[in-house]
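Here are the chains, one letter per residue:
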Amino acid sequence: METNQQNQDEIEIDLLELLRVLWSKIGYVILAALALGLLMVLVSKVFMKPQYESTTKMYVLSKQDSSSTVTSGDLQASSLLTKDYAELIQSRQVVETVIAQLNLDLTYEEFLKKITVTTQNDTRILSITVKDEDPYVASQMADAIRVAASDHIQNVMNTEAVNVVDEANIPDEPVSPSIKKNGLIGAIAGAFIAIVIIIIVYLTNDTIQTSEDVERYLGVSTLGMIPLAEGQKKSKKKKPKKSGWKYELFDLARTFIICFIVVMLLSHFVINPVQVDGDSMYPTLSDSEIGVMNIFLAKTQGIKRQDVVVVYNEETDENWVKRVIGMPNDTVYAKDDVVYVNDKPL
């Protein structure tokens, strides 16, 4: 009896049978991968705000005396002090100076999360990278930090030279979120979850289905199997299908009304197709090119710099497709056929 009880408590896993079960459910695995992958793509495009990075670089040289000659000791000291310079860049005095100068609605801790200071090995060049939802704001913040940090480093460390290597760039493409990466992670997670569920269901299913299960769980050998007669098969009750031209006409009208309502809701609250008329957006958009206007994203996240928007002109009763280059409190002007935003050329 004890041996039988131990055999009942033990769980035997037939790997070959488990693989057959997984292969028979491969459709569910693929469906789960596609569903979660598409969900992550939708979340990345609709709910995650794009982030832009702007980088500026500065060169710091610490001189040991006031002479104009730079010695090897100066170079070695400057290389060892780059970590001190990185800390000074992120100091409260520098950060709060930039916040006040740009009139940012950020705390010191929130601002620090946007800054990354890195140094190349065996160099005296410091890279300051700022991440923000607005590419122009990120560029302004990076330049402002470099200027304020230069003054602070010279005062504290008594350095003789803090030079600009690269001014902050205006990024064109966001660095996050990565839609492809998030979609791939979602697909892998969906497939993994589906496989785990299938394995758990397989291991916890202790119903007797074959003669081998009888011998395994009951310890009784089967002498034979009696199949059910054809008349003994369980039949599922099916609802009688309605027929007739009246029902078909009603079903067609119902389908048309449902599709019409769905299309109207999508075109007013989610997406709406739009056609480009003219070459003003070339090469981003060509004449007669058809695009999709994301109404839901504009209403939930608002309009940001670099967004391509559709503007309705009441005078001409036309929709114009344009790119947003200026935001409130920005200075926009044109000089010598070049457009400047906050004194920086586009």
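Since we're looking at a predicted model, the values are computed, not measured. (Residues numbered from 1 in each chain as written. Predicted model: local features only at pLDDT ≥ 70, side-chain atom pairs only at ≥ 80, totals over all residues. Heavy atoms only, no water.)

Looking at the overall build of the protein
Rules: By definition, any uninterrupted DSSP run of H or I lasting at least four residues is a helix, any uninterrupted run of E lasting at least two residues is a strand, and each is numbered from the N terminus. Partly exposed residues are those whose accessible area sits between 20% and 50% of the maximum for their type, while under 20% is buried and over 50% is exposed, using a 1.4 Å probe and protein chains only. Two residues qualify as a contact provided that any one of their heavy atoms is within 4.5 Å of a heavy atom in the partner residue.
When you go through the protein residue by residue, the secondary structure sums to twelve helices and eleven strands. Taken across its 346 residues, the protein has 26% of its residues classed as buried. Of the contacts made within the protein by residues no fewer than 6 positions apart, 62% connect residues no fewer than 24 positions apart.

Notes on the packing of aromatic side chains
Quick note on the threshold: Planes of paired rings set the category: under 30 degrees apart is stacked, over 60 is edge-to-face and the rest tilted, where pairs are Phe, Tyr or Trp rings (Trp by its six-membered ring) whose centres lie within 6.5 Å. We count a charge as sitting over a ring when the NZ of a lysine or the CZ of an arginine lies within 6 Å of the ring centre and within 35 degrees of the ring normal.
In the structure shown here, the tally under the stated rule is one aromatic pair. Ring geometry for Tyr-333 versus Tyr-340: centroids 5.2 Å apart, planes at 10 degrees, classification stacked. A cation over a ring is seen here: Arg-92 above Tyr-108, with NZ or CZ 4.1 Å from the ring centre.

A short note on the packing of helix H3 (residues 26-46) against helix H9 (residues 179-204)
Inclusion rule: Only the stretch in contact is used when fitting a helix axis, every axis being a line fitted to C-alpha atoms; angles between N-to-C directions are given from 0 to 180 degrees. Note on convention: near helix rotated counterclockwise from far helix by under a right angle means a left-handed crossing. Clockwise means right-handed. Polar here means any residue outside two lists: the nonpolar Ala, Val, Leu, Ile, Met, Phe, Trp, Tyr, Cys and Pro, and the charged Asp, Glu, Lys and Arg; Gly therefore counts as polar.
In the contact formed by H3 and H9, the axes pass within 7 Å of each other and the chain directions differ by 145 degrees. Two packed elements cross with a definite hand, and for H3 against H9 that hand is right-handed. Listed contacts from H9 to Tyr-28, Val-29, Ala-32, Ala-33, Leu-36, Gly-37, Met-40, Val-41, Ser-44 and Lys-45 of H3 are Ile-179, Asn-182, Gly-183, Gly-186, Ala-187, Ala-189, Gly-190, Ala-191, Ile-193, Ala-194, Ile-195 and Ile-198. Here the contact of H3 with H9 is composed, by residue class, of 15 nonpolar, six polar and one charged.

Some remarks on a negative patch on the surface
For clarity, the cut-off: What goes into a patch is any residue over 30% in relative accessible area without a salt bridge, connected to like charges within 9 Å or, for nonpolar side chains (Val, Leu, Ile, Met, Phe, Trp, Tyr), within 5 Å. The method behind every accessible area is Shrake-Rupley, applied with a 1.4 Å probe, and residues are considered shielded solely by the protein chains displayed. In the sections that follow, a salt bridge refers to a side-chain nitrogen of Lys or Arg positioned within 4 Å of a carboxyl oxygen of Asp or Glu. Charge counting treats Lys and Arg as positive and Asp and Glu as negative, with His and both chain ends excluded. Throughout, a charge is located at the NZ atom of Lys, the CZ atom of Arg, the CG atom of Asp or the CD atom of Glu.
Residues Asp-277, Asp-279, Asp-287, Asp-317 and Glu-318 make up a contiguous surface patch of negative charge. Along the chain, the position of Asp-279 falls in the loop between strand E5 (271-275) and strand E6 (290-294). A residue is classified by how much of its surface remains accessible, and Asp-279, at 55% relative accessible area, is exposed.

Describing the environment of Thr-119
Note that Thr-119 resides in strand E2 (residues 115-119). Residue class for Thr-119 comes out partly exposed when judged on its relative accessible area of 33%. In this structure the C-alpha to C-alpha distance between Thr-119 and Tyr-85, which are 34 residues apart in sequence, comes to 9.8 Å. With sequence-adjacent residues up to four places away left out, Thr-119 is seen in contact with Thr-82, Ile-125 and Leu-126.

Here we look at the sheet that holds strand E11 (residues 344-345)
To keep things clear, this is the line we draw: Being paired, for any two strands, means DSSP has found at least two bridges between them.
Spatial ordering of the open sheet is given by E9-E10-E11, a layout of three strands whose pairing is antiparallel. Sheet topology places strand E9 (332-335) and E11 at the edges, where each strand pairs with a single neighbour.

Section: the confidence of the model for the protein
Basically, it comes down to this: pLDDT gives the predictor's per-residue confidence on a scale running from 0 to 100.
Of the residues in the protein, 81% reach a pLDDT of 70 or more, and the chain-wide mean stands at 78. Below pLDDT 50 for its whole length, residues 1-9 participates in one contact with residues either more than four positions away or in separate chains.

Topic: the side chain of Ser-44
Within the fold, Ser-44 resides in helix H3. Ser-44 has contacts with Pro-177, Ile-179 and Asn-182, leaving out every residue within four places of it along the chain.

Description of the layout of surface pockets
Here is the rule we go by: Both cavities and pockets are sets of points on a 1 Å grid over the protein atoms alone; in a cavity a 1.4 Å probe fits but cannot get out, in a pocket the set is open with protein on both sides within 12 Å along at least five of seven lines, and lining residues sit with an atom within 4 Å of a point. Grid points are joined across faces, edges and corners, and a volume is the space filled by probe spheres set on the points.
By volume, the largest pocket is sized at about 1,400 Å³. Broken down by secondary-structure element, the contributors of at least two residues to the lining of the largest pocket are H3, E6, helix H12 (295-301), strand E7 (308-313) and strand E8 (318-323).

What to know about the nonpolar core
Applied cut-off: Nine residue types can take part in a nonpolar core, namely buried Ala, Val, Leu, Ile, Met, Phe, Trp, Tyr and Cys, and a core is a set of them joined through side-chain atoms within 4.5 Å.
Counting 27 residues, the largest nonpolar core has Met-58, Ile-89, Phe-111, Leu-126, Ile-145 and Ile-153 as its most contacted members. Counting residues per element, the ones that place at least two in this core are strand E1 (52-61), helix H5 (82-89), helix H6 (92-102), helix H7 (108-112), E2, strand E3 (125-132) and helix H8 (135-157). Ranked by residue count, the leading element in this core is H8, at seven residues. Filtering out sequence-adjacent residues up to four positions away, Phe-111 remains in contact with Val-95, Val-98, Ile-99, Leu-104, Leu-106, Met-141 and Ile-145. With eight residues, the next largest nonpolar core counts Leu-22, Ala-33, Ala-194 and Tyr-202 among its residues.

Brief notes about the pairing of E7
Here six bridges tie E7 to E8, and the two strands are oriented antiparallel to one another. Opposite Val-308, over in E8, you have Arg-323 as the bridge partner.

Quick look at the pattern of salt bridges
Side chains carrying opposite charge are able to pair once their charged atoms draw close together. On inspection of all chains with the given rule, the structure shows five salt bridges. Between Arg-92 and Glu-96 there is a salt bridge whose closest N-O contact spans 3.2 Å. Here Arg-92 and its partner Glu-96 are both found in helix H6, four residues apart, which amounts to about one turn of the helix. Arg-146 is the salt-bridge partner of Asp-143, the closest N and O atoms lying 2.6 Å from each other.

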